[in-house]
Amino acid sequence: MLSNDEIFGYAADPKYNKAVAYFSMEFAIDQALKIYSGGLGFLAGSHLRSAYELKQNTVGIGMLWKYGYYDQFREMNADMKPMYVEKQYAFLQDTGIMFTVPVHDSPVHVKAYLLKPETFGSAPLFLLTTNLNENDEASRSITYRLYDSNEATRIAQSIILGIGGAMLLDILGLERDIYHMNEGHSLPLNFYLYSKYQNLDEVKKRVVFTTHTPEAAGNESHRYDLLKEMSFFYHLQSHEVKHILGMDGDYLNYTVAALKFAHKANGVSKMHAGVARDMWKDNKGICDIIAITNAQNKTYWKDEQLEKALAGKSDAAIAARKKEMKKDLFKVVADQCGKIFDENVLTIVWARRFAGYKRADLMMRDWDRFIKMIFNSEHPVQVIWAGKPYPEDLGAIEQFNQIIRRAKPLANCAVLTGYELGLSALVKKGSDVWLNNPSMYREASGTSGMTAAFNGSINLSLPDGWVPEFAVDQVNSFVIQPATQGLWHDETNHIEAKNLMDTLENVVLPMYYEDKKKWHAIIRKAAADVVPEFDSGRMVDEYYGKMYN
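One structure accompanies this document, and this report is about it. Keep in mind the model is a prediction, meaning the values are calculated, not measured. (Residues numbered from 1 in each chain as written. Predicted model: local features only at pLDDT ≥ 70, side-chain atom pairs only at ≥ 80, totals over all residues. Heavy atoms only, no water.)

### What to know about the overall build of the chain
Heads up, the condition is: Starting at the N terminus, helices and strands are each numbered in turn, a helix being any DSSP run of H or I of at least four residues and a strand any DSSP run of E of at least two. Only the C-alpha atoms count toward the radius of gyration. The rule for a globule is 2.2 Å times the residue count to the power 0.38. Relative accessible area decides the class of each residue, using a 1.4 Å probe on protein chains only: under 20% of the type maximum gives buried, over 50% gives exposed, and in between gives partly exposed.
Each helix and strand counted, the chain has 21 helices and 19 strands in total. For the chain, the C-alpha radius of gyration of 23 Å lies close to 24 Å, the compact-globule estimate for 549 residues. Its C-alpha atoms give the chain principal-axis dimensions of about 70 × 50 × 45 Å. Among the 549 residues that make up the chain, the fraction classed as buried is 60%.

### So, the packing of helix α19 (residues 489–514) against helix α20 (residues 516–530)
Note the cut-off: Axis definition: a line fitted to C-alpha atoms, limited for helices to the stretch in contact. Angles are taken between N-to-C directions and run from 0 to 180 degrees. Should an angle fall under 35 degrees it is called roughly parallel, over 145 degrees roughly antiparallel, and 65 to 115 degrees roughly perpendicular, with every other angle called oblique. By definition in these notes, contact holds between two residues if any of their heavy atoms fall within 4.5 Å.
Between α19 and α20, the least distance of the axes is 6 Å, while the angle of their chain directions is 110°. Comparing their axes, α20 and α19 come out roughly perpendicular. Across the interface between the two elements, Val 508, Met 511, Tyr 512 and Glu 514 of α19 pack against Lys 516, Lys 518, Trp 519 and Ile 522 of α20.

### Some thoughts on the side chain of Thr 213
The criterion, for reference: A 3.5 Å cut-off defines polar contacts: any pair of N or O atoms within that distance qualifies, except that in protein one atom must be a possible hydrogen donor and the other a possible acceptor, and neighbouring residues in sequence count only when both atoms are side-chain atoms.
When you line up the elements, Thr 213 lands in the loop between β9 (207–210) and β10 (221–223). Among the polar contacts listed, one links the side chain of Thr 213 to the side chain of Glu 183, at a separation of 3.2 Å.

### A look at empty space enclosed by the protein
Gaps between atoms show up when a probe of the same size as a water molecule is rolled over them. Condition: A cavity here means a set of 1 Å grid points, computed over protein atoms only, where a 1.4 Å probe fits but cannot escape. A pocket is an open set with protein on both sides within 12 Å along at least 5 of 7 lines, and lining residues have an atom within 4 Å of a point. Grid points are joined across faces, edges and corners, and a volume is the space filled by probe spheres set on the points.
Scanning all chains against the criterion turns up 3 cavities of 30 Å³ or more. By volume, the largest cavity amounts to about 80 Å³. Along the wall of the largest cavity there are 13 residues; nearest its centre are Lys 34, Tyr 36, Tyr 70, Lys 388 and Glu 420.

### Focus: a nonpolar patch on the surface
Inclusion rule: Each patch is built from residues that are more than 30% exposed by relative accessible area and take part in no salt bridge. Like charges join if they lie within 9 Å; nonpolar side chains (Val, Leu, Ile, Met, Phe, Trp, Tyr) join within 5 Å. Only the protein chains shown count as cover for residues, with accessible areas throughout obtained via the Shrake-Rupley method and a probe of 1.4 Å. Think of a salt bridge as a Lys or Arg side-chain nitrogen and an Asp or Glu carboxyl oxygen that are within 4 Å of each other.
Residues Phe 73, Met 83 and Val 85 make up a contiguous nonpolar surface patch of roughly 230 Å² in combined accessible area. Relative to the assigned elements, Met 83 resides in strand β4 (residues 80–83). The exposure class of Met 83 is partly exposed, given its relative accessible area of 32%.

### Brief notes about the pairing of strand β2 (residues 58–63)
Spelled out, the test is: When DSSP finds two or more bridges between a pair of strands, those strands are recorded as paired. Orient the strands so they point away from the viewer; a crossover is then right-handed if the path from the first strand over the helix to the second runs clockwise.
Most of β2 sits inside the fold, with 6 of its 6 residues counted as buried. Where burial is concerned, the two faces of β2 agree: the one with Thr 58, Gly 60 and Gly 62 and the one with Val 59, Ile 61 and Met 63 are both buried. In terms of strand pairing, strand β1 (residues 20–23) meets β2 through 4 bridges, oriented parallel. Paired with Tyr 22 across the bridge in β2 is Gly 60. After leaving β1, the chain enters helix α2 (residues 39–53) and then returns to the sheet as β2, a path that is right-handed. Both β2 and strand β7 (residues 125–129) contribute to a ladder of 4 bridges, which runs parallel. If you follow Gly 60 over to β7, its bridge partner there is Leu 125.

### Section: the environment of Gln 157
Secondary-structure assignment places Gln 157 in helix α5 (residues 151–172). Along the primary structure Gln 157 and Val 103 are separated by 54 residues, whereas in three dimensions their C-alpha atoms are 9.7 Å apart.

### Focus on α19
Threshold: Here, expected helix span is obtained from the residue count minus one, scaled by 1.5 Å. A residue's bend is simply the angle between two axes: one fitted to the seven residues ending at it, one to the seven starting at it.
For α19, which comprises 26 residues, the first-to-last C-alpha distance of 36 Å matches the rise-based estimate of 38 Å (1.5 Å per residue) to within 8%. Its maximal kink placed at Leu 504, α19 deviates by approximately 40°.

### Quick notes on the packing of helix α15 (residues 367–374) against α19
We apply this condition: Crossing chirality is assigned from the near helix's rotation relative to the far helix, an anticlockwise turn below a right angle marking it left-handed and a clockwise turn marking it right-handed. We call Asp, Glu, Lys and Arg charged. Ala, Val, Leu, Ile, Met, Phe, Trp, Tyr, Cys and Pro are nonpolar, and the rest, Gly among them, are polar.
The N-to-C vectors of α15 and α19 enclose an angle of 20°; their axes lie 11 Å apart at closest approach. By the angle between their directions, the pair α15 and α19 is classed as roughly parallel. Handedness of the α15/α19 crossing: left-handed. Residue-level contacts link Arg 369, Phe 370 and Met 373 of α15 to Lys 498, Met 501, Asp 502, Leu 504, Glu 505 and Leu 509 of α19. Split into classes, the residues belonging to the contact of α15 with α19 amount to 5 nonpolar, no polar and 4 charged.

### Here's the deal with the nonpolar core
Let me state the cut-off plainly: Among the buried residues, those of types Ala, Val, Leu, Ile, Met, Phe, Trp, Tyr and Cys that are joined through side-chain atoms within 4.5 Å form a nonpolar core.
By size, the foremost hydrophobic cluster in this structure holds 152 residues, and its most contacted members are Phe 232, Met 363, Trp 385 and Trp 519. By residue number, the principal contributor to this core is α5, which donates 11 residues. Those residues in contact with Trp 385 that sit more than four places away from it in its chain are Trp 350, Ala 360, Met 363, Met 364, Phe 370, Ile 403, Ala 407, Cys 413, Ala 414, Val 415 and Leu 416. Counting 16 residues, the second-largest nonpolar core is a separate cluster that includes Val 333, Val 349, Leu 423 and Ala 452.

### Quick notes on the sheet that holds strand β12 (residues 264–267)
Spatially, the 9 strands line up as an open sheet ordered β5-β6-β7-β2-β1-β8-β9-β12-β13, and their pairing is mixed. With partners counted over all chains shown, the strands left at the sheet margins are β5 (93–103) and β13 (288–291), one partner each. Looking at each pair of strands side by side, their axes are set apart by 25° on average, direction ignored. Pairing analysis gives 5 bridges linking strand β6 (residues 106–115) to β7, with the strands arranged antiparallel. Bridged to Lys 111 within β7 is Thr 129. Those strands touched by α5 are β1, β2, β5, β6, β7 and β8 (178–182), and its axis lies near 125° from that of β5. Each of β8, β9, β12 and β13 touches helix α10 (residues 254–261); the most contacted strand, β9, lies at about 145° to it.

Shape descriptors only; they carry no functional weight alone.
Okay, structure coming up:
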């Protein structure tokens, strides 16, 4: 069996000695380890990186996905094509630990691998797989694809993560004081803990929960009878679960159940915590929901040379390094799209998980105005889009492909595929403006703008999620004026598209070309303001101070 020293390889700082297990369905720790889809994984990866830097007594519990999320390729006509390619990871340690977890009242064999801290500079991360010869194909497929579209498989994934993760800790003898659920996917771990302690209060004092979804409809729920059939409740019956949690109805809402099992929960920005409290306030017995704003690990995301230029307060050095970083990005543009971009031209990037509410095409809403900006020789502009839609979200995929088709004939517009950690770093470092224009109150936090600010890319954003805690218009960011609340959806889109274009044409572009001194002052101010508040060292310290202790 693995010793503590073999797992951690470092002694915990006494300030962070409380033992924590951090459960997440996805972790974005390094480009080489493709077990993530988007923002939730980026957050979890930064959490473990900063936990390692601060020497916190934290272990991660995740899943080893055979095919990852998916690989984003292109069809013959250049449209997006999801592909599933088996992944191999020679750098993971086979712990030799195999055990069974009940799924659908049958034993499913689970094996644990370990990502050691020294590999990528993260807290230790245990990854679970069912892709074993001892299992039948249905059981093996549980850990094939992150967020499988089949309902029963999705439920089984939660069982392996939650119950399997908690079982593994017991097998290792790795006693944990706190079990931290990053989103509700690992909910079954609470039923395992209840079977162990036979007391809700004993579970509550050990469990904390981070909620990420600002809309009730977006929080996962399934029928009690299906969950019971799948062994989601471990050894409990549906009526016992309802009694313990004081819940009724035909569907179990993961978020509500997690809020009842935890002694404390957090929203991922101040705005989101308020939305979450209001959303769930009618449910008796839920815990307090505080705000701990998401953050990203600066050590991982920063560019060392730009960091030196910023410290030296030399506009010329900042400008020179930005041009070098733009050239690196533009090599990818040329390779993927056959277009040669100019490092002297203002470059706008919209890049993140593709979902309808994030409005990747808002700039294009008034097509004539967009084209006029694209062909403006006085204030030229280049635009890049990148991101991964959910592979079964046909609407988001069609939006992605529509942007590809519309951008194809435009020499200064490009859509990049393969949006993972590596490309994400390139577009943040190689952009001048980081565009963020979701429908208001739909973004719980968002963190991509934080890493853009680390890298001299100025945020152009609506004031949603984390942004109101950071942005000061034309001081460290550019803020897009939101539409008045309560308007029809189409009218809101129309107004906010107009406000976006007004800001670009009247503020952003003229400043870039005519007032470089002010432009560089904004870059420097953003870099100064984003740290330490939006570095994940602050975030993981705050978790210990406000949630664990």
